[in-house]
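# Coordinate inspection notes
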Amino acid sequence: MTSEPFRSQLAALDKRGRLRRLAPRAGRDFASNDYLGLASDPLIGQAVADAVARGVPVGSGGSRLLRGNAPEHEGLEAKAAAFFRTQAALFLANGFAANCALFSTLPQRGDLIVADELIHASVHDGIRLSKAATVFARHNDVQSFADLITAWRMEGGKGRIWIAVETLYSMDGDTAPLSDLATLAARHEAMLILDEAHGTGVFGPGGRGLSAGLDGLHNVVTLHTCGKAMGVEGALICGPQIIIDYLINRARAFIFSTAPSPLMAVAVSAALDRIEQADDLRARLKTLRVDAAESICAPLRLPQPRSQIIPVLLGEDRRAMAAAAALQEAGFDIRGIRPPTVPPGTSRLRISLTLNVGRADVAALGQQLQRMLA
């Protein structure tokens, strides 16, 4: 097999400023999703060490439906269901696998998926495996969702409707109009799938996310990824018992995957305890957001931040990557984001506020950005 097709495609990406390379961690953390700084939390680490000491295995040994189902998995799922106030929960290896499982399995032939145009890439991949029809609504535009549903019904659509959004968008830092979407879903007897990847831990009572208060409804399914504010790894699908049972029986991404390590189930369980009691951490993160509003957004004439994610739109791919490289050289770990992760013409710096930095770091970043973008 010749390597020329791969070489030419990589060269084309490089020419457009879109070639990706792995880079080591360096500088002050304005890039990760470790929003509460729990990835190195000693209490979570101690829970894992205690589990190792009492003989919990590192590997699961197989899929959950074979011999890979450990007491730690089942204990975590029961705890997560109680924590997120739903009937049941299912633990998967990561959010990508969970979204693929959800959208390739739940919507049926004859159904309609109405997804926000900026929803996660993993949702798009799950949709590609689905037999349902799919349309994409304008970002955060409830009327656009409503119009697409009405048009489908008028064209003879008879199946179930699945409304899919992120509660907090990972590249824009804005939040979905959840109350209005829940009203729309009730009006059309639709299911509402809420991806809480960047909301869990940071928002809601006890860190239950922006969907807290909705996730116990019979028509709501929530996805809480564990590798961001929770500081660990994996993903929890939460919803009605019948939905979880159906996924166990039909979701290929679950059935044919080796189960996550029982030790990671222990870590996620400990992380749930940590975020429930982390009001102090959430308050510190909110303080950083206020600091960023004053020292970054106001001087650069950016909108006030609505979350811990602040996009600095620069437009052209190479400009965004050059700016990111300059910031990294100055000691700030900020990454440039290009298409296809974001729409063409919206390449940006993605500033992620985490408790791995302090108020002085935010002020210093603001000064550096002003000098660089003046």
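Residues numbered from 1 in each chain as written. Predicted model: local features only at pLDDT ≥ 70, side-chain atom pairs only at ≥ 80, totals over all residues. Heavy atoms only, no water.

What follows is about the nonpolar core. In terms of nonpolar packing, the biggest core is built from 59 residues, with Phe30, Leu236, Leu349, Ile351 and Leu365 touching the most fellow members. Among the elements that line this core, the one with the most residues is helix H10 (residues 262-276), at nine residues. In contact with Ile351, not counting residues within four places along its chain, are Phe30, Ile296, Gln308, Ile309, Ile310, Val312, Ile334, Leu365 and Leu369. Grouped together as the second largest cluster of nonpolar side chains are 28 residues, Leu92, Ile127, Ala132 and Ile244 included. (Core = buried A, V, L, I, M, F, W, Y, C linked by side-chain atoms within 4.5 Å. Buried < 20%, exposed > 50% of the residue type's maximum accessible area, 1.4 Å probe, protein only. Helix = DSSP H or I, 4+ residues; strand = E, 2+ residues; numbered from the N terminus. Contact = heavy atoms within 4.5 Å.)

To continue, consider unusual backbone geometry. Residue Pro340 follows Pro339 across a cis peptide bond; omega there is 5°. Within the secondary structure layout, Pro340 lies in the loop between strand S11 (335-337) and strand S12 (347-352). Phi angles above zero are rare outside glycine, and Asn140 is one such case at about 55°. Note on placement: Asn140 falls in the loop between strand S4 (133-137) and helix H6 (142-154). If you check the backbone angles, Glu189 has positive phi at about 50° while not being a glycine. Summarising the element assignment, Glu189 is placed in the loop between helix H7 (178-187) and strand S6 (191-195). Given a relative accessible area of 69%, Glu189 falls into the exposed group.

Before going further, it helps to spend a moment on the packing of helix H4 (residues 95-105) against helix H8 (residues 241-250). For the pair H4 and H8, interaxial distance at closest approach is 10 Å and the crossing angle is 95°. As judged from the angle between their axes, H4 and H8 are roughly perpendicular. Here H4 contributes Ala101, Leu102 and Thr105 to the contact with H8, which in turn contributes Tyr246, Leu247 and Arg250. (Axes fitted to C-alpha atoms, helices over the stretch in contact; angles between N-to-C directions. Parallel < 35°, antiparallel > 145°, perpendicular 65-115°, else oblique.)

Moving on, we get to the sheet that holds S12. Read across the sheet, three strands follow the order S9-S12-S11 without closing on themselves; strand pairing throughout is antiparallel. The strands lining the two open edges of the sheet, one partner per strand, are strand S9 (309-315) and S11. Taken pair by pair, the neighbouring strands of this sheet meet at an average axis angle of 30°, ignoring direction. Examined bridge by bridge, S9 and S12 share six bridges and lie antiparallel to one another. (Pairing = 2+ DSSP bridges.)

Looking now at the UniProt feature "domain: Aminotransferase class I/classII large" (unreviewed entry) in the protein. In the numbering adopted here, UniProt assigns the feature "domain: Aminotransferase class I/classII large" (unreviewed entry) to residues 29-356. For residues 29-356, helix accounts for 40% and strand for 17%, while the C-alpha atoms at its two ends are 6 Å apart. (UniProt positions renumbered as here; feature names shortened; annotations may be inferred.)

Take the pattern of salt bridges next. For the coordinates displayed, the defined rule picks out twelve salt bridges. Of the charged contacts in the structure, one is a salt bridge between Asp317 and Arg18, with a shortest N-O distance of 2.5 Å. Of this pair, Asp317 sits in helix H12 (residues 317-329) while Arg18 sits in the loop between helix H1 (4-15) and strand S1 (28-29), placing them 299 residues apart in sequence. The partner of Asp172 in a salt bridge is Arg348, and the shortest N-O contact between them spans 3.3 Å. Within this pair, whereas Asp172 is found in the loop between strand S5 (161-166) and H7, its partner Arg348 is found in strand S12, the two being separated by 176 residues in sequence. The class of Asp172 is partly exposed, set by a relative accessible area of 24%. By relative accessible area, which is 2% here, Arg348 ends up buried. (Salt bridge = Lys/Arg side-chain N within 4 Å of Asp/Glu carboxyl O.)

For the rest of this paragraph, the subject is the layout of surface pockets. Taken as a whole, the second largest pocket encloses approximately 310 Å³ of empty space. Considering the residues around the second largest pocket, the lining is formed by 13 residues, among which Ser104, Thr105, Leu129, Lys131 and Arg250 are closest to the centre. Residue assignment for the lining of the second largest pocket shows that the elements contributing at least two residues are H4, H8 and helix H9 (252-255). Broken down by element, the residue count for the lining of the second largest pocket peaks at four residues, all from H4. Residues belonging to the lining of the second largest pocket are distributed by class as follows: six nonpolar, three polar and four charged. (1 Å grid on protein atoms, 1.4 Å probe; cavity = no way out; pocket = protein on both sides within 12 Å on 5 of 7 lines; lining within 4 Å. Points joined across faces, edges and corners; volume = space filled by probe spheres on them. Nonpolar A, V, L, I, M, F, W, Y, C, P; charged D, E, K, R; others polar.)

With that out of the way, let us pick up the side chain of Thr200. Secondary-structure assignment places Thr200 in the loop between S6 and strand S7 (220-225). Its relative accessible area of 1% is what places Thr200 among the buried residues. At 2.8 Å, the side chain of Thr200 and the side chain of His224 are in polar contact. (Polar contact = N/O pair within 3.5 Å; in protein donor to acceptor, adjacent residues only side chain to side chain.)

Among the secondary structure elements, Asp174 is positioned in the loop between S5 and H7. Despite its burial, Asp174 remains without a salt bridge, the nearest opposite charge being carried by Arg306 at 4.6 Å. Only 2.6 Å separates the side chain of Asp174 from the side chain of His139, close enough to count as a polar contact. For Asp174, the residues in contact, after removing those within four places along its chain, are His139, Asn140, Thr167, Leu168, Tyr169 and Arg306. (Lys, Arg positive; Asp, Glu negative; His and termini not counted.)

Before going further, it helps to spend a moment on the packing of aromatic side chains. Counting across every chain of the model gives two aromatic pairs. Considering the side-chain rings of Phe30 and Phe332, the 6.3 Å spacing of their centres and the 50° angle between planes classify their relative orientation as tilted. Taken together, the residues Phe30 in the loop between S1 and helix H2 (42-53) and Phe332 in strand S10 (residues 332-333) connect sequence positions 302 residues apart. For Phe332, a relative accessible area of 3% translates into the label buried. Their ring planes at 90° and their centres at 4.8 Å tell us that Phe83 and Phe84 sit as a pair that is edge-to-face. Judged by its relative accessible area of 10%, Phe83 falls in the buried class. In this structure Phe84 comes out as buried when scored by relative accessible area, which is 0%. (Phe/Tyr/Trp six-rings, centres within 6.5 Å; stacked < 30°, edge-to-face > 60°.)

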